[in-house]
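One letter stands for each residue in the lines below.
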Amino acid sequence: MEKSSVEIFDENYSRVLEKIASAAARAGRKSEDVTLLAATKTVPVEVINHAIRSGIKYIGENRVQEFLSKEQELLPVHRHFIGHLQTNKVKDIVGRVELIHSVDSYHLAKEISKQAVKRGTVCDILVEINVGQEESKFGFSPENAAESIAEAASLEGICLRGLMAIPPVCDDFSKNIKFFEQLYKLFIDIKAQKIDNSNINILSMGMSDDFECAVECGATMVRLGTALFGRRNYNI
Ligand SMILES: *Cc1c(COP(=O)(O)O)cnc(C)c1O
């Protein structure tokens with residue numbers, strides 16, 4: 001008989017926690033310093049709630065519509081938005097999630113600021129860095145990142161909490177490390193800038209194929225989908 005989604009999760013979850021703990025130990029870090037976020041796109045809400053009951057404290061959704069359709073039924077959990085966000089959907093997300101990981105342009109930051117101010121709230125954001133400088137991906141270029149990040153952070157209603165990235169898929173492990181190291185360095189540099197409206201302590205990098213490497217390179221948050229829930233039927 002095929003395994004159920006819940007059984008798959010149960011098997012994977014403890015293994016993932018062990019892997020995070022050993023990667024942290026290898027880098028002389030504590031496993032508590034790494035937050036596991038479950039990337040829940042395409043995962044049915046019953047399975048997500050099972051994961052929450054099992055100990056998952058952070059979830060991230062990719063699509064506004066999907067998030068809104070699951071939102072009401074979710075058990076209490078820290079809710080993050082991790083997908084590309086269109087400006088016209090910002091109004092549906094601000095105030096409903098704790099952190100937006102994927103702020104990939106100044107234009108988007110401006111709209112988040114506008115909506116946050118309108119609601120009298122402050123929205124925590126991460127700035128997405130296009131670390132591989134890939135045309136197909138969104139995000140700030142690493143070259144002038146420091147400058148543009150400070151500019152985005154200066155907007156009212158926004159609190160900059162750190163950086164997020166989806167590095168290119170690498171066949172070669174050493175290339176992967178290079179991207180993660182570059183991100184870590186940028187994270188440290190930006191933290192040292194003491195930007196107004198910021199409280200920078202989140203470096204969101206590492207997915208199912210590379211999270212151990214990301215943890216060794218200083219990630220404070222890893223976003224895992226497949227490693228927890230098994231293969232998705234389709235990719236988003
Ligand atoms: C889907 C997704 C993940 C998780 O991907 P896996 O490879 O399944 O772990 C992480 N971050 C973002 C932004 C995603 O869209």
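Above this text you will find the structure in question.
All values derive from a computational prediction rather than experimental measurement.

This paragraph deals with the overall build of the protein. Looking only at helices and strands, one finds nine helices and eight strands in the protein. The C-alpha radius of gyration of the protein comes to 17 Å, within 12% of the 18 Å expected for a compact globule of 236 residues. The principal-axis extents of the C-alpha atoms in the protein amount to approximately 55 × 40 × 30 Å. A sequence separation of at least 24 residues applies to 59% of the contacts in the protein between residues at least 6 apart. In the form shown here, the protein has an accessible surface area of approximately 11800 Å², with 47% of it arising from carbon and sulfur atoms.

Generally speaking, a soluble globular protein has its nonpolar side chains buried in company with each other. With 70 residues, the main nonpolar core has I112, I129 and L228 as its most contacted residues. For I112, the contacting residues outside a window of four places in its chain are V90, V94, I100, V103, C123, I125 and I158. In this structure, L37, I82, L99 and M164 belong to the second largest nonpolar core, which totals eight residues.

The subject of this paragraph is the site of the ligand. The ligand sits among A39, K41, N62, I82, I166, M207, S208, R223, L224, G225, T226 and R232. Note that an oxygen atom of the ligand is positioned 2.4 Å from one of the side-chain N or O atoms of S208. T226 has a polar side-chain atom sitting 2.5 Å from an oxygen atom of the ligand. For the ligand, the protein covers 91% of the area, taking 390 Å² as the surface of the free molecule.

What follows covers helix α1 (residues 5–26). Because an α-helix completes one turn every 3.6 residues, residues spaced three or four positions apart along the sequence face the same direction. The first and last C-alpha atoms of α1 sit 31 Å apart over 22 residues, in line with the 32 Å expected at 1.5 Å per residue. Listed as buried for α1 are F9, N12, Y13, V16, I20, A23 and A24. Those residues of α1 that are buried are in contact with β1 (35–39), α2 (45–54), α8 (211–216), β8 (221–224) and α9 (226–229). Trailing α1 by a residue or two, G28 shows a phi angle of about 70°, which is positive.

What follows is about the side chain of R161. Assignment of secondary structure puts R161 in strand β6 (residues 158–165). Take R161: its relative accessible area is 15%, and that puts it in the buried class. Of the polar contacts made by the side chain of R161, one reaches the backbone oxygen of N199; its length is 2.9 Å. When residues no more than four places from it in sequence are discounted, the contact partners of R161 are L99, D124, I125, L126, N199, I200, N201 and I202.

Below, the discussion takes up helix α6 (residues 145–153). All of the buried residues in α6 are A145, S148, I149, A152 and A153. Along the axis of α6, the buried residues cluster in a sector spanning 135°; they form a single face. In this structure, the buried side of α6 is in contact with α5 (106–118), β5 (123–129), β6 and α7 (173–192).

On to the environment of D33, then. Relative to the helices and strands, D33 resides in the loop between α1 and β1. Judged by its relative accessible area of 38%, D33 falls in the partly exposed class.

A word on the layout of surface pockets. Of the voids in this model, the second largest pocket is the one considered here, and its volume is about 270 Å³. Looking at the lining of the second largest pocket, the elements with two or more residues in it are α1 and α9. Classifying every residue of the lining of the second largest pocket gives seven nonpolar, six polar and two charged.

Another aspect to go through is unusual backbone geometry. Positive phi is not limited to glycine here, since T42 has a value of about 70°. Relative to the helices and strands, T42 resides in the loop between β1 and α2. Note on T42: relative accessible area 24%, which makes it partly exposed. Residue Q133 is not a glycine yet carries a positive backbone phi of 50°.

About the cut-offs
- Residues numbered from 1 in each chain as written.
- Predicted model: local features only at pLDDT ≥ 70, side-chain atom pairs only at ≥ 80, totals over all residues.
- Heavy atoms only, no water.
- Helix = DSSP H or I, 4+ residues; strand = E, 2+ residues; numbered from the N terminus.
- Rg over C-alpha atoms; globule rule 2.2 N^0.38 Å.
- Contact = heavy atoms within 4.5 Å.
- Areas by Shrake-Rupley, 256 points an atom, 1.4 Å probe, with all protein chains shown as cover.
- Core = buried A, V, L, I, M, F, W, Y, C linked by side-chain atoms within 4.5 Å.
- Buried < 20%, exposed > 50% of the residue type's maximum accessible area, 1.4 Å probe, protein only.
- Near = heavy atom within 4 Å.
- Polar contact = N/O pair within 3.5 Å; in protein donor to acceptor, adjacent residues only side chain to side chain.
- Expected span 1.5 Å × (residues − 1).
- Arc of directions from axis to C-beta.
- 1 Å grid on protein atoms, 1.4 Å probe; cavity = no way out; pocket = protein on both sides within 12 Å on 5 of 7 lines; lining within 4 Å.
- Points joined across faces, edges and corners; volume = space filled by probe spheres on them.
- Nonpolar A, V, L, I, M, F, W, Y, C, P; charged D, E, K, R; others polar.

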